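A structural walkthrough
Now for the letters of each chain:
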Amino acid sequence: KNQVEQSPQSLIILEGKNCTLQCNYTVSPFSNLRWYKQDTGRGPVSLTIMTFSENTKSNGRYTATLDADTKQSSLHITASQLSDSASYICVVSWGGGADGLTFGKGTHLIIQP
Amino acid sequence: DAGVTQSPTHLIKTRGQHVTLRCSPISGHKSVSWYQQVLGQGPQFIFQYYEKEERGRGNFPDRFSARQFPNYSSELNVNALLLGDSALYLCASSLVLGQGAYEQYFGPGTRLTVT
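In this report, the structure presented in the accompanying data block is examined. (Residues numbered from 1 in each chain as written. Chains lettered and ligands numbered in written order. Predicted model: local features only at pLDDT ≥ 70, side-chain atom pairs only at ≥ 80, totals over all residues. Heavy atoms only, no water.)

**Quick look at the sheet that holds strand β8 (residues 74–78) of chain B**
Residues and elements named next belong to chain B. Spatially, four strands are ordered β1-β3-β8-β7 in an open sheet, and the strand pairing comes out antiparallel. Looking along the sheet, the strands with just one partner apiece sit at the ends: β1 (5–7) and β7 (64–68). Pairwise comparison of adjacent strand axes, ignoring direction, gives a mean angle of 15 degrees for this sheet. With five bridges connecting them, strand β3 (residues 19–24) and β8 associate as antiparallel partners. Opposite V19, over in β8, you have V78 as the bridge partner. (Pairing = 2+ DSSP bridges. Helix = DSSP H or I, 4+ residues; strand = E, 2+ residues; numbered from the N terminus. Axes fitted to C-alpha atoms, helices over the stretch in contact; angles between N-to-C directions.)

Structure, rendered in structure tokens:
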């Protein structure tokens, strides 16, 4: 069964600190892995998309890594800001349509001043 | 350019009623997908439409139906509402049907509360 597990479930850090969110998956075959940011009550916004051949991808202060051998990904946030408070969702695709996307439950991140 | 738009923003319905949610994709996008997101969970796939045809269906009962119009906008209909249908309903649009690292853009969602 295709699954995406994210950890931790929730995280609280102080403004300015760095943090790393984890994503483990069992989706097969693998096409690409996405990280989304979702503010409370809003739709997810794409941060990065990585294919099998990509090990790392950055989007400003967000850097995603992918290890396709161990089926693990991480999202590193540098110099956190209050606006980073949100849920971060890992999504893995086997390359089909929207029915080929497996969503994680997300990590709820709170940035405290 | 406008992003994906959804209406209404919020909706309160009673058990047994019917509801229609609407979505307008980004201009030029031909694929629309619907997701249900229960509080604290990731989105669950309901339907995907491409060029007005259903191209994918998730594990949802027949009470859920959808359609896509010639202008590529879409409606999600839910009959005989249950308390468990309370959720954020997300619409996403993309340029293509899929086959790789295509970008999918989500709308702001419709918050449905069933009492």
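**Looking at the pairing of strand β8 (residues 72–77) of chain A**
All names here are of chain A. Where strand β3 (residues 19–25) meets β8, six bridges bridge the pair, whose relative direction is antiparallel. Bridge assignment links C19 to a residue of β8, and that residue is I77. Connecting the antiparallel pair strand β7 (residues 62–67) and β8 is a turn made up of four residues, with K71 showing a positive phi of about 60 degrees.

**Let's talk about the pattern of salt bridges**
Taken as a whole and judged by the stated rule, the model has eight salt bridges over all chains. One salt bridge connects E54(A) with K57(A), and the closest N-O pair in it is separated by 3.2 Å. Residue R67(B) is joined to E75(B) by a salt bridge in which the shortest nitrogen-to-oxygen separation is 3.3 Å. Taken together, the shared-partner salt bridges connect R22(B), R67(B) and E75(B) into one network. (Salt bridge = Lys/Arg side-chain N within 4 Å of Asp/Glu carboxyl O.)

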